[in-house]
Amino acid sequence: MKRLLFPALILALALLLSGCAGPQNSRSLKDTYDAIRQAEVLPEMVAVPEDMVRDFYGIDPAWYEEAVFQVASDSLLADEVVLIRAREEADADRILMMLKERLSAKAEEAKTYSPQQYAIINRGQILAEGRELALLVTPRVDVLLAICKGK
């Protein structure tokens, strides 16, 4: 049992030391999303197709060099994870504005049909550090924040 515990602790430490938004982060955003998914606090998620990103978020794919867009496969759930590494600082500023608009629109929509999902969305977080951004919406957003902030 002790032989299994040590590698598990090393893996957990490695996941916590990697972040979603930070200039020293050389890890791919897909790897970061995989670490988030391994926390097992998200429902089943589906990727937003790249050809729908502009319509869904207002974000031009030319503004980022890497991105992960995941939403709950159950359309009644508010869960959403967006991780983006912008090409330039100016692109990051535009993306940040779009993520704020997305969170606001999500809240406005949920307000009329689901007070529970509305409360989850209101606890959603947007992280921005340099060219790296994240939108995190889930009931256990604290877990995702801990992974993203490396705590």
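Structural data are supplied above this passage.
Thresholds applied
- Residues numbered from 1 in each chain as written.
- Predicted model: local features only at pLDDT ≥ 70, side-chain atom pairs only at ≥ 80, totals over all residues.
- Heavy atoms only, no water.
- Helix = DSSP H or I, 4+ residues; strand = E, 2+ residues; numbered from the N terminus.
- Buried < 20%, exposed > 50% of the residue type's maximum accessible area, 1.4 Å probe, protein only.
- Contact = heavy atoms within 4.5 Å.
- Areas by Shrake-Rupley, 256 points an atom, 1.4 Å probe, with all protein chains shown as cover.
- Pairing = 2+ DSSP bridges.
- Axes fitted to C-alpha atoms, helices over the stretch in contact; angles between N-to-C directions.
- 1 Å grid on protein atoms, 1.4 Å probe; cavity = no way out; pocket = protein on both sides within 12 Å on 5 of 7 lines; lining within 4 Å.
- Points joined across faces, edges and corners; volume = space filled by probe spheres on them.
- Nonpolar A, V, L, I, M, F, W, Y, C, P; charged D, E, K, R; others polar.

## Let's talk about the overall build of the protein chain
Turning to step 1, where the next piece is worked out: Counting its regular elements, the protein chain contains six helices and five strands.
Turning to step 2, where the next piece is worked out: Along its sequence from the N terminus, the protein chain presents helices and strands in the succession α-α-β-α-β-β-α-α-β-β-α.
Turning to step 3, where the next piece is worked out: Counting every position in the protein chain, which comprises 151 residues, the buried fraction comes to 43%.
Turning to step 4, where the next piece is worked out: Within the protein chain, residue pairs in contact and separated by at least 24 positions form 58% of the contacts whose partners lie at least 6 positions apart.
Turning to step 5, where the next piece is worked out: Summed over all atoms, the accessible surface of the protein chain reaches about 8,600 Å², with 55% contributed by carbon and sulfur.

## A look at the sheet that holds strand S3 (residues 80–86)
The strands that make up a sheet pair up through hydrogen bonds in the backbone, lying either parallel or antiparallel.
Turning to step 1, where the next piece is worked out: Here we have five strands laid out as an open sheet, ordered S1-S2-S3-S5-S4, and antiparallel in their pairing. Edge positions in the sheet fall to strand S1 (45–47) and strand S4 (125–129), since each of these pairs with one other strand and no more. Within the sheet, the average angular offset between the axes of one strand and its neighbour, ignoring direction, is 15°.
Turning to step 2, where the next piece is worked out: Judged from the three bridges that link them, S1 and strand S2 (residues 64–72) form a sheet pairing that is antiparallel. Counted as the bridge partner of Val-46 is Val-71 from S2.
Turning to step 3, where the next piece is worked out: Along the sheet, helix H4 (residues 89–113) contacts S2, S3, S4 and strand S5 (132–137); its crossing angle with S5, the most-contacted strand, is approximately 10°.

## Examining the layout of surface pockets
Turning to step 1, where the next piece is worked out: Here the largest pocket is characterised by a volume of approximately 270 Å³.
Turning to step 2, where the next piece is worked out: Around the largest pocket, the lining comprises 18 residues; the ones closest to its centre are Phe-56, Ser-75, Leu-77, Arg-102 and Lys-106.
Turning to step 3, where the next piece is worked out: Only S1, S2 and H4 provide two or more residues apiece to the lining of the largest pocket.
Turning to step 4, where the next piece is worked out: It is H4 that contributes the most residues to the lining of the largest pocket, five residues altogether.
Turning to step 5, where the next piece is worked out: Across the lining of the largest pocket, the residue classes tally to twelve nonpolar, one polar and five charged.

Any link to function would need more than the numbers given here.
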